[in-house]
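The lines below spell out each chain.
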Amino acid sequence: MYDQRTDEYQDIRDAVRALCAEFPDEYHRKIDHERAYPEEFVEALTRAGWMAALIPEEYGGSGLGLTEASVIMEEINRSGGNSGACHGQMYVINTLIKHGSEEQKRKYLPRIATGDLRLQSMAVTEPTTGSDTTKIKTNAVRKGENWVINGQKVWISRVQHSDLIIVLARTTPVDQVKKPSDGMSIFIVDAKEAQAKGQLVVKPIPNMVNHETNELFFDNLEVPAENLIGTEGAGFKHLLSGLNAERVLIAAECIGDGYWFTDRVVKYTKERVVFGRPIGANQGVQFPIAEAFIEVEAANLMRWQACRLYDADQPCGAEANMAKYLAAKSSWEAANACIQFHGGFGFANEYDVERKFRETRLYQVAPISTNMILGYIGQHVLGLPKSY
Ligand SMILES: Cc1cc2nc3c(=O)[nH]c(=O)nc-3n(C[C@H](O)[C@H](O)[C@H](O)COP(=O)(O)OP(=O)(O)OC[C@H]3O[C@@H](n4cnc5c(N)ncnc54)[C@H](O)[C@@H]3O)c2cc1C
């Protein structure tokens, strides 16, 4: 049977599964109902070292690759949990690991590895520019030993549970650069200190999923010059490697969701008897489940391909985007089949289907919407004219 397959990451899977088993459906359901943060769960993942998987050993982490990190994320979602509460650290940290100075890495990474510090947030999206990132209006101006940041961001997640935020700001006006993607820089911001000084205001956005996300307002936020990550003006390029990691990890989460939905719906449709036989004996029920499962499996292959390229330091923009596209689409198909064939019970909180259904729906829109992926493939892979 497929569900008894093992792979070379079985040790990681077994360990993460054992940890997740301590946080059963009831735990995640209650957290969702209360719109709370799964603090104990994230703490347990941190204590067990999983949140430091990508941090090199010399900085106190386990020095694993994106492939292993993706397995951790997949298992969390496959267990019925939601990696959305903690996945930020996995991919945001990559920007610091790949582009941070030695001094920055020594300052932050060991404390992030032990859990003393959290780097869970990355502030890119803005209310008036949305997916058109190169048009961002948040700007940073150098004044003496500081950068001074002004502007506004939207949908910035986990700020209440992060000590640090990576912020993208324009440092050279767009009309003074060669390419629109030039002239932006990334900064590491101490979220608590900035709020204490009144230079950063955080306003939560109530939303459909239990996803802690916010509007941010920067009012003459002073950031020490040494908090610039990488090269001034190359921030967008630096972010891209982190964004590819983000896409692959989210793909893995969707794959975890896809297996969760197919497991649950298979079990339910074998047991539920209507018109004298299990509903799963009907082709009208069985085929959409089989179709979703096939699509999850195919998405999984593209996820391994993207992971392999990323870990080998090869270009992987196309594969990371395609993995995210296929995985988000297939988990959504699986979610639809799962809720449909649970009938009315799909809507009952106690089955967790409606919660996971909401959670997985997000990934058609964030962190990059499906249309933007199609535009990327059209232009950068197929050589079609730029469409946006
Ligand atoms: C719960 C949640 C958490 C988030 N967390 C973060 C975070 O931590 N940090 C962060 O920086 N951002 C975050 N985001 C923002 C997210 O990345 C954006 O919502 C997403 O990139 C889409 O941008 P937008 O909402 O501005 O949509 P828009 O850019 O306004 O687009 C709206 C729709 O129109 C489509 N569209 C736009 N232009 C075109 C075109 N030319 N062709 C075809 N279709 C088009 C888009 O695909 C999309 O479906 C989060 C969002 C949510 C909902």
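None of these values were measured; they are calculated from a predicted model. (Residues numbered from 1 in each chain as written. Predicted model: local features only at pLDDT ≥ 70, side-chain atom pairs only at ≥ 80, totals over all residues.)

A. Up close: the nonpolar core. Val167, Phe187, Val189, Val248 and Ala323 are the most contacted members of the largest nonpolar core, which totals 108 residues. With 16 residues, helix α8 (residues 235-271) is the single largest residue contributor to this core. Every residue in contact with Val248, bar those within four places of it in the chain, is listed here: Leu66, Ser70, Arg303, Ala306, Cys307, Tyr310, Ala320 and Ala323. (Core = buried A, V, L, I, M, F, W, Y, C linked by C-beta atoms within 7 Å. Buried ≥ 20, exposed ≤ 12 C-beta atoms within 10 Å, placed from the backbone. Helix = DSSP H or I, 4+ residues; strand = E, 2+ residues; numbered from the N terminus. Contact = placed C-beta atoms within 7 Å.)

B. Fine view of the domain arrangement of the protein. Along its sequence, the protein is carved into domain 1 (2-114), domain 2 (119-232) and domain 3 (237-381). Taking the mean C-alpha position of each, domain 2 and domain 3 sit 30 Å from one another. Contact residues are listed per partner, giving eight residues for domain 2 and seven residues for domain 3. Along the lines of polarity and charge, the residues of the side of domain 2 that touches domain 3 split into five nonpolar, three polar and no charged. (Domains from an automatic or database assignment. Nonpolar A, V, L, I, M, F, W, Y, C, P; charged D, E, K, R; others polar.)

C. Spatial organisation of the environment of Glu354. As for its position among the elements, Glu354 is in helix α11 (residues 353-361). The class for Glu354 is partly exposed, based on 19 C-beta atoms found within 10 Å. With 41 residues separating them in the primary sequence, Glu354 and Asp313 have C-alpha atoms 39 Å apart. Leaving out residues up to four positions away in the same chain, Glu354 has contacts with Ile339, Gly346, Phe347 and Asn349.

D. Expanded view of the packing of α8 against helix α10 (residues 317-341). In the contact formed by α8 and α10, the axes pass within 8 Å of each other and the chain directions differ by 25 degrees. Put simply, α8 runs roughly parallel to α10. Crossing angle aside, the handedness with which α8 passes α10 is left-handed. Looking at the contact of α8 with α10 residue by residue, the classes come out as 17 nonpolar, eight polar and four charged. (Axes fitted to C-alpha atoms, helices over the stretch in contact; angles between N-to-C directions. Parallel < 35°, antiparallel > 145°, perpendicular 65-115°, else oblique. Left-handed = near helix turned anticlockwise from the far one by under 90°.)

E. Fine view of the site of the ligand. Residues in contact with the ligand amount to 21 residues; listed here are only the nearest, Val124, Gly130, Ser131, Ser369 and Tyr388. If you tally residues by element for the shell around the ligand, the top one is strand β3 (residues 146-157), at three residues. Summarising the domain contributions, the shell around the ligand has at least three residues from each of domain 2 (119-232) and domain 3 (237-381). (Near = placed C-beta within 6 Å.)

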